Each structure stands twice: as C-alpha cells, then as structure tokens.
Amino acid sequence: QERLVESGGGLVQPGGSLRLSCTAPGSIFSSRAMAWYRQAPGKQREWVAVLTRANNTNYPDFVNGRFTVSRDAADNTMYLQMDKLKPEDTAVYYCNAASNALWVSWGQGTQVIVSS
C-alpha cells in the first residue's frame, strides 16, 4: 500500500522556521507532481506548494516567498522549508499528489503551531 509519512512539525514562534519532510515510495515521486497541503481547524484543506517532476515549483500568493519545496530523489523525500512563519500558518500539513486525480491515501500529517 502506498503510504505517505509527514514529519518535522512543532511549535515555533512567529518569525521562526521549520522544515517539514514527506517520505513516500519512489513510485509516487517518480510518477507525478507532488504538493504540500495544510488544513487549519474549521477550514478547508489548501495547497501551499507544488513540485513538478521536472523540479519546477509553484506557490499560492499567501506564501509570498516564505516557503521552499524541494526533493531528495535518492531518499524518496520531499521537503518544505518554511521561514518567517506567521500565526496564520498554524495547521496540520500534509503531502500528496498535486492532482486530486492522482491522490493516494492521506498520511496523518504533521502539526505546525506558530505562537508566542
């Protein structure tokens, strides 16, 4: 069964940084564009970064240069470097395919809390 595992979340002060990791079978990374998503309490899941198979990246406007998505193909791991974190970045962060038509089972996510 294809399984996504997110890690690296935690409690950080506003302005701080975190690096999230997503591990998945190589068959997933090699066959589709991947994305990071987040879901805050009471809100819908939203995407925060896309990484294509060609290593092109895309971010929604609210990221505003603060996040960087990358991949280590050798380790089947995708990263999300998050800098200048804001309280509104508080959410559970997930990884999955960028296209909902190619989603696999969601992992448990990793909690990010930005608070002083």
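Residues numbered from 1 in each chain as written. Predicted model: local features only at pLDDT ≥ 70, side-chain atom pairs only at ≥ 80, totals over all residues. Heavy atoms only, no water.

J.: Describe the sheet that holds strand β3 (residues 18-23), naming the residues involved and giving the relevant values.
T.: Taken together, 4 strands build an open sheet; the order of strands is β1-β3-β8-β7 and the sheet is antiparallel. Looking at strand neighbours, the two that pair on one side only are β1 (5-7) and β7 (67-72), the edges of this open sheet. Looking at each pair of strands side by side, their axes are set apart by 15° on average, direction ignored. As paired strands, β3 and strand β8 (residues 77-82) are joined by 6 bridges and run antiparallel to one another. Residue pairing in the sheet places T23 in a bridge with T77 of β8. (Pairing = 2+ DSSP bridges. Helix = DSSP H or I, 4+ residues; strand = E, 2+ residues; numbered from the N terminus. Axes fitted to C-alpha atoms, helices over the stretch in contact; angles between N-to-C directions.)

J.: Provide a residue-level description of the environment of Q39, including the pertinent values.
T.: Position of Q39 among the secondary structure elements: in strand β4 (residues 34-39). For Q39, a relative accessible area of 29% corresponds to the partly exposed category. Sequence separation of Q39 and Q111 is 72 residues, and the distance between their C-alpha atoms is 9.6 Å. Excluding its chain neighbours within four sequence positions, the residues that come into contact with Q39 are Q44, R45, A91, V92 and Y94. At 3.1 Å, the side chain of Q39 forms a polar contact with the backbone oxygen of K43. (Buried < 20%, exposed > 50% of the residue type's maximum accessible area, 1.4 Å probe, protein only. Contact = heavy atoms within 4.5 Å. Polar contact = N/O pair within 3.5 Å; in protein donor to acceptor, adjacent residues only side chain to side chain.)

J.: Let's hear about the pattern of salt bridges: which residues, and what values?
T.: What the rule picks out here adds up to 3 salt bridges. Residue E46 is joined to R38 by a salt bridge in which the shortest nitrogen-to-oxygen separation is 2.7 Å. The partly exposed category is assigned to E46, whose relative accessible area is 31%. Residue classification places R38 among the buried residues on the basis of a relative accessible area of 6%. A single salt-bridge network, built from bridges that share partners, covers R38, E46, R66 and D89. (Salt bridge = Lys/Arg side-chain N within 4 Å of Asp/Glu carboxyl O.)

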